[in-house]
Amino acid sequence: MAGGNVVHSLAGAGTNIVMMTPAPQSAQLVTIAPVPWIARLIGKAMALGYRLTGKSRYDNFRIERVQDMHFIVLPSVFNPKVPRTGDFLASLLDSTRVRADTAVLDMGTGSGVCAVAAARLARRVVAVDINAQAVRCAGINALLNEVQAKIDVRQGDLFTAVPGERFDLILFNPPFLRGAPSDDRDRAWRASDVAERFAAGLGTHLKPGGCAWVLLSSFGDGDHFVREFYKHRLQVAVLAERRFVNERLTILKVSPHAH
Ligand SMILES: C[S@@+](CC[C@H](N)C(=O)[O-])C[C@H]1O[C@@H](n2cnc3c(N)ncnc32)[C@H](O)[C@@H]1O
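Definitions and limits used
Residues numbered from 1 in each chain as written. Predicted model: local features only at pLDDT ≥ 70, side-chain atom pairs only at ≥ 80, totals over all residues. Heavy atoms only, no water. Phe/Tyr/Trp six-rings, centres within 6.5 Å; stacked < 30°, edge-to-face > 60°. Helix = DSSP H or I, 4+ residues; strand = E, 2+ residues; numbered from the N terminus. Buried < 20%, exposed > 50% of the residue type's maximum accessible area, 1.4 Å probe, protein only. Lys NZ or Arg CZ within 6 Å of the ring centre and 35° of its normal. Salt bridge = Lys/Arg side-chain N within 4 Å of Asp/Glu carboxyl O. Near = heavy atom within 4 Å. Polar contact = N/O pair within 3.5 Å; in protein donor to acceptor, adjacent residues only side chain to side chain. Areas by Shrake-Rupley, 256 points an atom, 1.4 Å probe, with all protein chains shown as cover. Contact = heavy atoms within 4.5 Å. Core = buried A, V, L, I, M, F, W, Y, C linked by side-chain atoms within 4.5 Å. Pairing = 2+ DSSP bridges.

Asker: Can you lay out the packing of aromatic side chains for me, pointing to particular residues and giving the numbers?
Answerer: Scanning the model with the defined rule gives 5 aromatic pairs in all. Ring plane angle 70° and centroid distance 6.3 Å describe the contact between F198 and F229, whose orientation is recorded as edge-to-face. You can see F198 sitting in helix 6 (residues 194-202) and its partner F229 sitting in helix 7 (residues 222-231), a full 31 residues away along the chain. Like F229, F198 is buried. With 6.4 Å between their ring centres and 50° between their planes, F225 and F229 make a pair best called tilted. Residue F225 and its partner F229 are located together in helix 7, separated by 4 residues, close to a single helical turn. There is no split in this pair, since F225 and F229 are both buried. Aromatic rings pair up to connect F159, F172, F198, F225 and F229 into one cluster. Taking NZ or CZ as reference, R84 lies 3.7 Å from the ring centre of F244, over its face.

Printed below as a string of structure tokens:
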């Protein structure tokens, strides 16, 4: 599990720079700063470009490579490579942070990218998604990557799929935008009250010493998640950050306060 340092991964022109800086003090409140207006404008132009040229990566059957793993992405399932978020969260899963006796919950598993990466290290992984196609997709990818014995894929709405269960590590790359989703594909992007319900249920699904890693994007209302975590008296620290021309991705470490 991550210690007192923060890993910053800065992506630029195909190069990743990883630097260690001291973690924020607990008294220092974390905020998700928006990117400058010019970056937002570039982001909107790039999003339009994705919609025109990258549509097949969202709506067709695809095979994507993440690290040394291959993933089939079914139509309506979130692509872990196109918006870069699933890829980034999975890249943090290594043997220095995930021990062999760890029990992991991958909330909103999508293609199963983080569940599969975690299962290569951890004792067991429960992968949950509300979208039936995502559940099917994650199951296929567990088989494809030969970790099916360690992954239990379940369909359900947030913690209702894991009643009474506790985990050492909970991963969540949530829908960033607020509002009612229009269909299953849109559930990856938009939710009405996922931040509120995830923050409310988190404490009772973590083992003592456990934590969640939650990925937030400057595209969405990241501060809304942060406010919900503070409302439930959870501790928030920045675990990793990756900057692109148009977007900043932040992975937060969220944990109950030590008594
Ligand atoms: C941004 S995608 C992330 C997918 C994958 N974890 C990744 O990193 O590539 C968010 C996922 O959360 C799922 N989701 C949305 N609302 C949910 C809910 N209430 N309960 C469970 N899963 C949910 C979506 O179906 C989608 O697969």
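Having seen the model, we can carry on.
Asker: I'd like a description of the pattern of salt bridges, backed by residues and values.
Answerer: Under the counting rule described, the total for this entry stands at 16 salt bridges. Put simply, R243 and E241 hold a salt bridge, and the shortest N to O gap is 2.7 Å. What makes R243 partly exposed here is its relative accessible area of 40%. Of the residues examined, E241 reaches a relative accessible area of 10% and is grouped as buried.

Asker: Mind laying out the site of the ligand, listing which residues take part and the relevant values?
Answerer: Around the ligand lies a shell of 20 residues, among which G108, D129, D157, L158 and N173 are the nearest. The contact in question runs from a nitrogen atom of the ligand to an N or O atom on the backbone of G108, over 2.8 Å. Taking T109, its main chain carries an N or O atom lying 3.4 Å from a nitrogen atom of the ligand. When the ligand is considered free in solution it has 600 Å² of accessible area, and contact with the protein chains removes 98% of it.

Asker: Can you explain the environment of R123? Please cite residues and give values.
Answerer: With respect to the helices and strands, the residue R123 is situated in the loop between helix 4 (113-119) and strand 6 (124-129). For the pair R123 and T102, spaced 21 residues apart in sequence, the C-alpha to C-alpha distance is 5.4 Å. Filtering out sequence-adjacent residues up to four positions away, R123 remains in contact with A100, D101, T102, A103, K150 and K207.

Asker: Which residues make up unusual backbone geometry, and what values go with them?
Answerer: For residues that are not glycine, phi is negative in most cases, and the peptide bond is trans in most cases. Non-glycine residue Q67 carries a positive phi angle of around 50°. Taking relative accessible area as the criterion, Q67 reaches 37% and is therefore assigned partly exposed.

Asker: Go over the nonpolar core with me, naming the residues and quoting the values.
Answerer: Within the largest apolar cluster, 33 residues are counted, with the highest numbers of intra-cluster contacts made by L93, I151, L169, L171, W213 and I251. In terms of residue count, helix 4 provides more of this core than any other element does, 7 residues in total. Each residue touching W213, except ones within four places of it in the same chain, is listed here: L89, L92, L93, R97, L169, I170, L171, F172, L239, I251 and L252. In terms of nonpolar packing, the next biggest core, distinct from the first, is built from 32 residues, F167, F172, V194 and F225 among them.

Asker: Outline the side chain of D168, listing residues and values.
Answerer: If you trace the backbone, D168 turns up in strand 8 (residues 167-172). Note on D168: relative accessible area 18%, which makes it buried.

Asker: How would you explain the pairing of strand 4 (residues 69-73) if you had to name every residue and give the values?
Answerer: Residue alternation in strand 4 divides its side chains into a buried set, M69, F71 and V73, and an unburied set, H70 and I72. Both strand 3 (residues 62-66) and strand 4 contribute to a ladder of 5 bridges, which runs antiparallel. If you follow I63 over to strand 4, its bridge partner there is I72.

These figures capture arrangement, not role.
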